Amino acid sequence: MSLLILLFLIPRPPIFAQETTSSNPSGIIETSTNLSAALPASDWARVETSVDRGLQWLASQQAEDGRFPSDEAGQPAVTAMGVMAFLARGHLPDQGRYGVTISRAIDFVLSTQRRRGYFSLLPVLPPVEHLNPSQTVIYNHSIAGLMLGEVYGMCSGERSQQIEQALLRALAFHREVQSRTKGKKSDIGGWRYGYPESPEAASDMSVTGWALMFLRSARNAEFNVPKQYFDEGLDFVQLCYEPDPGQHEKGVFRYRPHASQTEPQITLANTASATLTLILGGRHRHEGVATSIRWFRSREYPNPWQNNYYYLATYYSSQAMAQVGGEAWEQIFPQIAAGLLKEQTDEGAWPPGGANERRFGSTYSTSLAVLALTPAYGLLPIYQR
């Protein structure tokens, strides 16, 4: 089994077609697509060089304790993103050029698990305030759990056992958050912040997208995750769809459902996250997916200064369009690649994003940029078509 995993993860050019086992009668989702068709070979070479430079810079930033430095309220999520960026290029824990780098980062993430089972570097205490640990904890927890699910089968010995025990505790906490009594019926099934807890808990699309990715990664790693958990979460995602075309200037999925929040808060990041989540969850026939794909194809992909969460939205958009494949991928990905290559600095990093993203620095933006540039490799198990 270890040999098979190793052979599968050896870096290779993105020249293969990827198959999906489901079909869409509307033809929106391509059942077979060659993701390499989006760019000519010369442009793929530029992308690979860009990714390798980004990873070299990221490794150079690693701290003594294994983290990739960022605002502490964003840890261990930012470090987990960094690990996934290395995995997306085919690098493995304890092997090759970045093996030690990856393993040290994994160990840092494991060290942040708290008694209740969640991952957070900083203590989580009420009340919720903007970008403090009580707000960011479920992001940190979900992204850390997602990464650990991805590396579980790549590790062995004591580290593998540590990951297994950490994920079992994390999944128990994850379900506890999902099943809290919600203040509004329309929030049932989703996730949001650390506080408030029952009976006034809430849900939003931004947190729920990551939370469902964690569940999917854990289930792929053969942890016991009942289908009920996915169904409840995906039902919430569908409620975030905005059916009114008059509201589609900025996207088609809301931050929270109509019944939960009057203000729409429709964004590119929420739209891309919901689209990816529904496709991966087998809900690709939902009308919001087709509407989202048409929305993406009806406009130019934004520049960094046009979006407050550019790197997050671009990561989600690239992964979502890779799942769609075909003409949608071939139209959107070249724009994403061109924008990211233009932004990369001479040192190999990507500059901090705007607005709220800026707080998390260049390790955050560089990790997400690499993840947005590498879907064609298909090396992260969770995103394989």
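Cut-off values and rules
Residues numbered from 1 in each chain as written. Predicted model: local features only at pLDDT ≥ 70, side-chain atom pairs only at ≥ 80, totals over all residues. Heavy atoms only, no water. Helix = DSSP H or I, 4+ residues; strand = E, 2+ residues; numbered from the N terminus. Rg over C-alpha atoms; globule rule 2.2 N^0.38 Å. Contact = heavy atoms within 4.5 Å. Areas by Shrake-Rupley, 256 points an atom, 1.4 Å probe, with all protein chains shown as cover. Lys, Arg positive; Asp, Glu negative; His and termini not counted. Charge placed at Lys NZ, Arg CZ, Asp CG, Glu CD. Buried < 20%, exposed > 50% of the residue type's maximum accessible area, 1.4 Å probe, protein only. Axes fitted to C-alpha atoms, helices over the stretch in contact; angles between N-to-C directions. Left-handed = near helix turned anticlockwise from the far one by under 90°. Nonpolar A, V, L, I, M, F, W, Y, C, P; charged D, E, K, R; others polar. Polar contact = N/O pair within 3.5 Å; in protein donor to acceptor, adjacent residues only side chain to side chain. Salt bridge = Lys/Arg side-chain N within 4 Å of Asp/Glu carboxyl O.

## Quick look at the overall build of the chain
In step 1: A tally of helices and strands in the chain yields 13 helices and two strands.
In step 2: Relative to the 2.2 N^0.38 estimate, which gives 21 Å for 385 residues, the radius of gyration of the chain is 19 Å and therefore close to what a compact globule would have.
In step 3: With respect to the three principal axes, the spread of C-alpha positions in the chain is 50 × 45 × 40 Å.
In step 4: Of all intrachain contacts in the chain linking residues separated by at least 6 positions in sequence, the fraction that spans at least 24 positions is 67%.
In step 5: Per element, the accessible surface of the chain, about 15300 Å² overall, is 51% carbon and sulfur.
In step 6: Considering the chain, the positive charge centre built from 33 side chains and the negative charge centre built from 36 side chains are found 3 Å apart.

## Here's the deal with helix α10 (residues 287–297)
In step 1: For α10, a buried count of eight out of 11 residues is recorded, marking the element as mostly surrounded by other parts of the structure.
In step 2: Those residues of α10 that fall on the buried side of the exposure criterion are Gly288, Val289, Ala290, Thr291, Ser292, Ile293, Trp295 and Phe296.
In step 3: Of the surrounding elements, those touching the buried residues of α10 are α9 (268–280), α11 (310–324) and α12 (326–343).

## Quick look at the packing of α12 against helix α13 (residues 361–373)
In step 1: Look at α12 against α13: their axes get within 10 Å of each other, and the N-to-C directions meet at 145°. Of the two elements, α12 crosses α13, and the hand of that crossing is left-handed. Touching Phe333, Ala337, Leu340 and Leu341 of α12 are Ala369, Ala372 and Leu373, all from α13.
In step 2: Taken together, the residues of the contact of α12 with α13 sort by class into seven nonpolar, no polar and no charged.

## Side note on the environment of Arg53
In step 1: With respect to the helices, strands and loops of the structure, Arg53 is situated in helix α2 (residues 41–60).
In step 2: Since its relative accessible area comes to 30%, Arg53 is described here as partly exposed.
In step 3: As for Arg53 and Ala349, which are separated by 296 residues in sequence, their C-alpha atoms are 7.6 Å apart.
In step 4: Not counting the four nearest positions on each side in its chain, Arg53 is found in contact with Gln344, Thr345, Asp346, Glu347 and Gly348.
In step 5: Polar side-chain contacts of Arg53 include one of 2.8 Å to the backbone oxygen of Asp346.

## Thoughts on the pattern of salt bridges
In step 1: Applying the stated rule across the entire model yields 18 salt bridges.
In step 2: Linking Asp231 and Lys227 is a salt bridge whose minimum nitrogen-to-oxygen distance equals 2.7 Å. Residue Asp231 and its partner Lys227 are located together in helix α8 (residues 227–239), separated by four residues, close to a single helical turn.
In step 3: The class for Asp231 is partly exposed, based on a relative accessible area of 25%.
In step 4: The shortest N-O distance in the salt bridge between Glu242 and Arg254 comes to 3.2 Å. Here the residue Glu242 occupies a position in the loop between α8 and α9, and Arg254 occupies one in the loop between α8 and α9, the gap between them amounting to 12 residues.
In step 5: A relative accessible area of 3% places Glu242 in the buried class.
In step 6: Because the salt bridges share partners, they merge into one network encompassing Arg116, Glu176, Arg180 and Glu197.

## Section: unusual backbone geometry
In step 1: The omega angle of the peptide bond from Tyr195 to Pro196 is 0°, so this bond is cis rather than trans.
In step 2: For Pro196, the position within the fold is in the loop between α6 (157–178) and α7 (205–220).
In step 3: Between Ser198 and Pro199 the backbone carries a cis peptide bond, its omega angle lying at 5°.
In step 4: You will see that Leu131, though not glycine, has its phi angle at about 60°, which is positive.
In step 5: Mapped onto the elements, Leu131 comes out in the loop between α4 (99–111) and α5 (133–151).
In step 6: For Ala355, which is not a glycine, the phi torsion comes out positive at approximately 45°.
In step 7: With respect to the helices, strands and loops of the structure, Ala355 is situated in the loop between α12 and α13.

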